[in-house]
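Overview (structure and organization)
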Amino acid sequence: MAFKVLTGEFAHETNTFSKVPTTIENFRRGSWITGNEIAGARRGTRTALGGSFDMADKFGWVLAHPISASANPSGYVDDSLFDQVCAMFIAASQGVDFLGAAKGVDGVLLHLHGAMVAQSYEDAEGELLRRLRAAVGPDVPIVVTLDLHGNITQAMADNANALIAVRTYPHIDHYEMALKGGELLQRAMLGEIRPVTVIAKRPMLRGLDGGRTQTGPMRELIDRGEAIEAAGGALVVSVCSGFTAADIRDIGPSVTVTTDANPAGGQAIAEAFMDYAWETRDYVGITDWSIADAVAHAKQGGEGGPLVMSDVTDNPGSGHYGDTTDVLRAMIAADLQNACFYAIYDPEATKQCAAIGIGATGTITLGGKHDPASGGGPLTLTGEVATLSNGKFQAFGPMGGGVWREKGISALFRVGGIDICIISNNGQATDLAQLISLGVDPATRATIAVKSKHHFRAAFTPVAREIITIDGGGLGSAILANPEGYKNVRRPIWPLDSI
């Protein structure tokens, strides 16, 4: 008989400092796909769920897939939403779903994030896995893929047989890690292996260079982990740098190791890796520019593609507001030419653009509405509405996987030599199609400013002549400038305490 496998996605990176609560509407603006709709949306894509479908085809699994839910990072996840999705997974694990299959599943392959915080659950994924483990029993293998920016916990390790974090940042290997998880799950269901996972942490708020995998300590540990896997010393070695915008007890870097019934051996590996993470905790591979220096550099111009400037402190991918204006204000004051800005999150401004109409000139109030004291308040701008769009595009870039994205009603508003992209669904720059869908050819621009921490590099590096990062004074900068804002982290912890 074919194995029955529960799969699905429930992903959110929760910024507990954000004023924006996360409800079902946030997920509907991201991804909220249920039941029969999931196969059509994810099969054949290079996504984690695309990997689940490919594994099912390879091994002849019968899949139960109740939901694919993900939302742009924001504040605490609503309890009722969290409970609803947990209940959907648990019901499907018992066979109570649209498939009408017999009760019970033989295995679980879930795609989570690792940094979700619900109103009543600091460790939301640990709580989900605890409920699921209680439902399926101790003998059903549970394999979970994660983001390497997860704040991984003991509860996650205790209730999952394997935790498999992505190994690239920008994250372009969700699909590959799903395949890795599927192969491991098949072996576990056949009884060939008995995977067990252990975890190690240190009193660190941050470290491992924020998870950057190009060079530095993160690269070193990932390479060492893959060598151990290849030599048969462990089934999986996952290194996570943590997510610093979460005021929770279990914040910070971690290493989880999955072995074939050898927890002591796995613990030794995890502790040695975390010793190295502690030793290198001060390492920072990138220095951010000031706004003034960055714009002056852009003003000098150059050949061979655009200068890409990233405002890392207003990164929607970290739960920042996406509407700060100080970088754009400086670009306008410098009268940059042939420039593009992606993007300002401002649904009201897109409505103003729609009222003005394509090709017409008018005045809008743009951005700075969530926290004017951090990164700049609203701008009153007069310009031309060059493009209006429904915000839908297919993302074929390294992080896109062929999935359709939706940024809501969007506009291209031209002020002098700067084309400003305005969106109604918040999100960072990760794919060139975000600009192309609004009529911008990225390769022809002299300067492109984006709101993103690091993910933009996957798509923009091939067209850029140079990349620099900017401290634009947004929420990301404000969090780090106010260590007293951390109330719930375990203490002592570096760098808040001298240890």
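Notes on the structure in this doc start here. (Residues numbered from 1 in each chain as written. Predicted model: local features only at pLDDT ≥ 70, side-chain atom pairs only at ≥ 80, totals over all residues. Heavy atoms only, no water.)

Topic: the overall build of the chain
Secondary structure assignment for the chain yields 15 helices and 20 strands. Taken over the C-alpha atoms alone, the chain extends approximately 65 × 55 × 40 Å along its principal axes. Looking at the chain residue by residue over its 499 residues, the buried ones come to 60%. Long-range pairs, those at least 24 residues apart, make up 74% of the contacts in the chain with a sequence separation of at least 6. In the structure as shown, the chain presents an accessible area of about 18100 Å², 51% of it carried by carbon and sulfur atoms. Once the 40 positive and 54 negative side-chain charges of the chain are each reduced to a mean point, those two points are 1 Å apart. (Helix = DSSP H or I, 4+ residues; strand = E, 2+ residues; numbered from the N terminus. Buried < 20%, exposed > 50% of the residue type's maximum accessible area, 1.4 Å probe, protein only. Contact = heavy atoms within 4.5 Å. Areas by Shrake-Rupley, 256 points an atom, 1.4 Å probe, with all protein chains shown as cover. Lys, Arg positive; Asp, Glu negative; His and termini not counted. Charge placed at Lys NZ, Arg CZ, Asp CG, Glu CD.)

Some details on the pattern of salt bridges
According to the stated counting rule, one finds 23 salt bridges in the structure shown. Notably, a salt bridge pairs Glu183 with Lys58, separated by 2.5 Å at the nearest N-O pair. Here the residue Glu183 occupies a position in helix H7 (residues 174-190), and Lys58 occupies one in helix H3 (residues 48-59), the gap between them amounting to 125 residues. When its relative accessible area of 32% is taken as the criterion, Glu183 is described as partly exposed. Its salt-bridge partner being Glu348, residue Lys351 comes within 3.5 Å of it at the nearest N-O pair. Residue Lys351 and its partner Glu348 are located together in helix H12 (residues 347-356), separated by three residues, close to a single helical turn. (Salt bridge = Lys/Arg side-chain N within 4 Å of Asp/Glu carboxyl O.)

Some remarks on the sheet that holds strand E17 (residues 410-415)
Across a sheet, strands are paired by hydrogen bonds formed along the backbone, either parallel or antiparallel in direction. In space, the eight strands of this open sheet follow the order E13-E14-E17-E18-E12-E19-E11-E20, with mixed pairing throughout. Edge positions in the sheet fall to strand E13 (361-366) and strand E20 (466-470), since each has one partner strand and no second. Each strand axis lies, on average, 30° off the axis of its neighbour in the sheet, ignoring direction. Pairing of strand E12 (residues 339-345) with strand E18 (residues 418-423), which is carried by six bridges, proceeds in the parallel orientation. Bridge pairing links Tyr345 to Ile423 in E18. The strands touched by H12 within the sheet are E12, E13, strand E14 (379-389), E17 and E18, with E13 carrying the most contacts at an inclination of about 170°. (Pairing = 2+ DSSP bridges. Axes fitted to C-alpha atoms, helices over the stretch in contact; angles between N-to-C directions.)

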